[in-house]
Amino acid sequence: MPTITLPDGNNIKFQNEVTGLEIAEKISKSLAKQALIISVNGELKDLYHIIKKDSLIKIFTAKDPEGLEVIRHDTAHIMAMAVQELYPGTQVTIGPVIENGFYYDFARKEPFTEDDLKKIEKRMSEIIDKDVKTRREVWKREKAISHFKKIGEKYKAEIIESIPNNEELSIYHHGDTWYDLCRGPHLVSSGKIGKAFKLTKVSGAYWRGNSKNEMLQRIYGTGWANLKDLNAYLKRIEEAEKRDHRKLGKEMDLFHFREESPGSVFWHEKGWALFQKLIDYMRMKQDNAGYKEINTPEVLDRALWEKSGHWEKFGANMYTSITPDEKVFAIKPMNCPGCIEVFNQGLKSYKDLPIKMSEFGKVHRYEPSGALHGLLRVRAFTQDDAHIFCTEDQITKECLIVTDLILEIYKDLGFENVILKYSDRPDLRVGDDNVWDKAETALLEAVKATKLEYSINKGEGAFYGPKIEFVLRDAIGRDWQCGTLQVDFNLPGRLGASYIDKDGQKKVPVLLHRALFGSLERFIGILIENYAGKFPFWISPLQTVVIPISDEFDNYAIQVSKKIKDEGISSFVDLKKHNLNYKIRDHSHAKIPLLLICGKKEVDSNSVTIRRLDSNKQENMDLNLFLKTFSALNKASSN
RNA sequence: GCCCUUGUAGCUCAGCUGGUAGAGCAAUUGAUUUGUAAUCAAUAGGUCCGCGGUUCGAAUCCGUGCGGGGGCACCA
């Protein structure tokens, strides 16, 4: 005689044991229709799960995240069913729900094609139309293993073998012919899935995520509660594609890549202007924060990298170079050893600490070819790097100062939403564990003091110390990892850095590594996508284009442009033999923030007519007022 | 690095089952002197990614290398 308590506190008494579906029917017809899944005392269960005892329940529909998740999970199952029906001999492995959808990994010799996806979708649709019933069974471990082995599903058997002994093994049947080992829960029948799904792509994926294992074929799909949500999602993807920095970079003539140097950027005039603006800005910020800028060699003797530990721990990613007399040098993958060498030059006192040295250092890392991705993952990049040499007592405070600076700079560049990722010691590392203990404690303390949201990534620190990474969220809700702050008790000692302490003794300083943009290249990629190429005025690579109405006004336009440049604003005069409409279209596509039109009216009144990007309003302004107004707007704080 | 996919003019792309290439935009030349998103006309432009093979004949088929894209792995 269970008493069922609903989320609103109301009770329903039942004479006999009861299922979620029966409870839903008792509450209302429409709920019974919409119900997908139930939670019983906080645990998600199938709707036909039998409740015998008094319970607190909640029924979920497609409007709830829990409901949507089950829809996606069932869609993955139905996809696997369709695949095995269409392509006998294909083995199933795992098929989890992911953000916006699901995937399923299959083992099959022949590759799946785009055409296959359409066929599979069609078959899925048929299975959904048939509304096949779901049934749950509990199997004995031995039975399950031998059964899956017998039918040639060696991956399933392997999965079961790795499930702990005390766990219940549930098998879900969808209809009479297909079943899969699964924790569940699932919908009562395939018809509940609806038709708001789409198979999106096929790719390779290693069995159990390990690159030493064989490669399986993964089919990705997206799934939603209704067609409206599905279409909204597809629309979002389309919008994101329009912002693709590789596409915009080409259209806006910012940079290009070419075969001769995969993963290295050929910066064009405008892209380089943007690059330099970011450096100028950062230089100003760092100067105010007490950093001293240095510069160190790009090519350094192998012996230094052996001493620092890079040769051993990072060698696989390093470019090397052999001189005609057969000496081995490495092209720097990091700036830290060079910077420590600068610190080492001359005697340092505790009174000098903290010493903050910044360097816009270009580093080269031989990344796997498959990792390369436009500006976001390159083989040669410029870090806005800095190294802070300090005492142990100063760590937490200095970390906080760095964090404040980072947040201030992200805000200036349009990113207000920042979270932290804290990573501790990796397997491949240098230094004793008690040193790591100290470094981790100090950094975690700083993380907590920022009061920002943070996550902990076990074992993902740098080989010389723990780190935090700064993740920022862009205009369309995507997360990007940019800045980093690392505490290092190892490298300074390895490279012989020291200062004279109060007691006259030599001590090894602690080193904080930090980069705010991380990589200038990558950060520019993120900026392009965040702003969809429409940069704020101050950072725009070409801020103004002056357009004379006809060649009669060329001279005036040239003069105007010159005066604009005198104010430190970039400007180009378009004297080409094209009409005004043509030029407006051309420069609007190039996403120039301000077009300045000059004709008789402007010459007579010493003014310009402004057309702002994405506006067709005409705004006439006295030239001197224009210069005054926009030179005031030409800085980060006016963002 | 691994799986799949892809590589034609400066750019975006067309070229069915093999018969040595086309369009639009851009460029050049000429005409038009223009007031807010493409003025008109003419001309020129190609090692069809490289190498090898099949074939009387390859942009097209096969092999291989390199590059791009989507994932996986990697991201110190």
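Rules used throughout
Residue positions are counted from 1 within each chain, in the order its sequence is given. Here every chain gets a letter starting at A, and every ligand a number starting at 1, in the order they are written. Owing to the predicted nature of the model, reporting of local features is limited to residues with pLDDT of at least 70; listing and counting of side-chain atom pairs is limited to 80 or more, with chain, interface and lining totals taken over all residues. Calculation of side-chain values draws on the structure's entire complement of heavy atoms; hydrogens and water are dropped beforehand. We count a stretch as a helix when DSSP gives it H or I for four or more residues in a row; a strand needs E for two or more, and each element gets its number in order from the N terminus. Using a 1.4 Å probe on the protein chains alone, a residue whose accessible area is under 20% of its type maximum counts as buried, one over 50% counts as exposed, and one in between counts as partly exposed. The contact criterion used is simple: two residues touch if any of their non-hydrogen atoms lie within 4.5 Å. One requirement defines pairing of two strands: DSSP has to find at least two bridges between them. When the strands point away from the viewer, a crossover counts as right-handed if the path from the first strand over the helix to the second runs clockwise. Aromatic contacts are taken between Phe, Tyr and Trp rings whose centres are within 6.5 Å, Trp giving its six-membered ring; a plane angle under 30 degrees counts as stacked, one over 60 as edge-to-face, and the others as tilted. To sit over a ring, a charge needs its Lys NZ or Arg CZ within 6 Å of the ring centre and within 35 degrees of the ring normal. For the purposes of this section, nonpolar cores are sets of buried Ala, Val, Leu, Ile, Met, Phe, Trp, Tyr and Cys residues that join through side-chain atoms within 4.5 Å. These domain boundaries are the output of an automatic or database domain assignment. Here an axis means a line fitted to C-alpha atoms, over the contact stretch when the element is a helix, while the angle between two N-to-C directions is reported on a 0 to 180 degree scale. Throughout, near means a residue has at least one heavy atom within 4 Å of the molecule or strand. Identification of polar contacts relies on pairs of N or O atoms within 3.5 Å, with a donor-acceptor requirement for protein atoms, meaning one able to donate a hydrogen and the other able to accept it, and with residues adjacent in sequence counted only if both atoms are side-chain atoms. Any residue outside Ala, Val, Leu, Ile, Met, Phe, Trp, Tyr, Cys, Pro, Asp, Glu, Lys and Arg is labelled polar, Gly included; the first ten of those are nonpolar and the last four are charged. Throughout this description, the term salt bridge denotes a Lys or Arg side-chain nitrogen within 4 Å of a carboxyl oxygen of Asp or Glu. Orientation is classified from the angle alone, with under 35 degrees giving roughly parallel, over 145 giving roughly antiparallel, 65 to 115 giving roughly perpendicular, and any other angle giving oblique. Handedness of each helix crossing follows the sense of rotation of the near helix against the far helix: counterclockwise by less than a right angle gives left-handed, clockwise gives right-handed. The disulfide criterion is simple: two cysteine sulfur atoms within 2.5 Å.

Caption draft 1: Representation of the overall build of chain A within the structure. A tally of regular secondary structure across chain A gives 20 helices and 35 strands. If one aligns the C-alpha atoms of chain A with their principal axes, the spans along those axes are about 90 × 75 × 55 Å. Evaluated residue by residue, chain A yields a buried proportion of 51% over its 639 residues. Within chain A, contacts between residues separated by at least 24 positions form 67% of all contacts whose residues are at least 6 apart in sequence.

Caption draft 2: Quick look at the pairing of strand β31 (residues 544–548). The buried fraction of β31 is high, at five of five residues. Neither face of β31 is exposed, since T544, V546 and P548 on one face and V545 and I547 on the opposite face are all buried. Sheet analysis places β31 next to strand β32 (residues 571–573), joined by three bridges and oriented parallel. Within β32, the residue paired with V545 across the bridge is F572. Crossover connection from β31 via helix α17 (residues 554–566) to parallel β32: handedness right-handed. As judged from the five bridges shared by β31 and strand β33 (residues 594–598), these two strands associate in the parallel manner.

Caption draft 3: The arrangement of the packing of aromatic side chains in detail. Per the stated rule, a full pass over the model turns up 23 aromatic pairs. Taken together, F255, F257, W267, W272 and F275 form an aromatic cluster joined through their ring pairs. Note that R218 overlies the ring of Y103, its terminal NZ or CZ placed 3.7 Å from the centroid. Sitting over the face of the ring of Y366, R379 holds its NZ or CZ atom 4.2 Å from the ring centroid.

Caption draft 4: Spatial organisation of the nonpolar core. With 64 residues, the main nonpolar core has L413 and F523 as its most contacted residues. Here this core spans two domains, and each of domain 3 (281–296 + 334–531) and domain 4 (537–638) adds at least three residues to it.

Caption draft 5: Just the environment of I27, in detail. Tracing the chain through its elements places I27 in helix α1 (residues 20–27). Using a relative accessible area of 38% as the deciding quantity, one classes I27 as partly exposed. Residues I27 and I12 lie 15 residues apart in sequence; the distance between their C-alpha atoms is 9.3 Å.

Caption draft 6: Region of interest: the sheet that holds strand β20 (residues 320–322). In spatial order, the strands read β19-β21-β20; together these three strands make up an open sheet with antiparallel pairing. Two strands lie at the open edges of the sheet, namely β19 (299–301) and β20, each paired on one side alone. Sheet twist, expressed as the mean angle between neighbouring strand axes with direction ignored, is 35°. Across three bridges, the pairing between β19 and strand β21 (residues 328–331) is antiparallel. In the strand pairing of β21, D301 is matched with F329.

Caption draft 7: Representation of the sheet that holds strand β30 (residues 510–519) in the model. Strand order in the open sheet made by the eight strands is β18-β22-β23-β30-β27-β26-β24-β25, with mixed pairing throughout. The two strands at the open ends of the sheet, each matched to only one other strand, are β18 (292–293) and β25 (454–457). In terms of strand pairing, strand β24 (residues 418–423) meets β25 through four bridges, oriented parallel. Looking across to β25, one finds that Y422 is bridged to I456. Contacting β24, β25, β26 (467–473) and β27 (479–488), helix α14 (residues 433–450) runs over the sheet at an angle of about 165° to β24. Its contacts with the sheet put helix α16 (residues 520–531) on β22 (355–364), β23 (380–390), β26, β27 and β30, and the angle it makes with β30 is roughly 40°.

Caption draft 8: Molecular detail of the domain arrangement of chain A. As far as domains go, chain A holds domain 1 (3–60), domain 2 (65–239), domain 3 (281–296 + 334–531) and domain 4 (537–638). On a C-alpha basis, the centres of domain 3 and domain 4 stand 41 Å from each other.

Caption draft 9: Broad picture of the protein's contact with RNA strand B. Neighbouring RNA strand B are 50 residues; S203, Y206, F314, R365 and R585 lie closest to it. Note that a base nitrogen of RNA strand B is positioned 2.8 Å from one of the side-chain N or O atoms of D551. A distance of 3.2 Å separates a base oxygen of RNA strand B from a polar atom in the backbone of K601. For the surface near RNA strand B, the elements supplying multiple residues, two or more each, are β14 (197–206), β15 (215–223), α8 (245–251), β26, α18 (580–589), α19 (600–605) and β34 (607–612). Per-element accounting of the surface near RNA strand B gives the leading share, seven residues, to α18. When the residues that make up the surface near RNA strand B are grouped by side-chain class, the tally is 17 nonpolar, 16 polar and 17 charged.

Caption draft 10: Inspection of the pattern of salt bridges at higher detail. A full pass over the atoms with the stated rule returns 44 salt bridges. Note that E408 is salt-bridged to K285, the shortest N-O span being 2.7 Å. Note that E408 is positioned in helix α13 (residues 395–412) and K285 in helix α9 (residues 269–288), a separation of 123 residues in sequence. Here K285 falls in the buried class, since its relative accessible area comes to 13%. For D551, the salt bridge identified is with K577, shortest N-O distance 3.1 Å. Of this pair, D551 sits in the loop between β31 and α17 while K577 sits in the loop between β32 and α18, and the two are 26 residues apart along the sequence.

Caption draft 11: Fine view of the packing of α13 against α14. Axis separation between α13 and α14 bottoms out at 9 Å; the angle between their running directions is 45°. Taken together, the axis directions place α13 and α14 in an arrangement best described as oblique. As for how α13 packs across α14, the hand of that crossing is right-handed. Of the residues in α14, those touching α13 at I395, T396, C399, L400 and T403 are A442, L443, E445, A446, A449 and T450.

Caption draft 12: Focus on unusual backbone geometry. Residue G184 is joined to P185 through a cis peptide bond whose omega torsion reads -5°. Here P185 lies in the loop between β13 (178–181) and β14. A cis amide bond links L353 to the next residue, P354, at an omega of 0°. By secondary structure assignment, the location of P354 is in the loop between α12 (336–344) and β22. Even without being glycine, K451 reaches a positive phi, approximately 65°. Here K451 lies in the loop between α14 and β25.

Caption draft 13: How the structure looks around the state of the cysteines. Tallied over the entire structure, the rule returns zero disulfides. Of the cysteine sulfurs around C339, a residue in no disulfide, the closest is that of C336, at 8.3 Å. Given the relative accessible area of 1%, C339 is considered buried.

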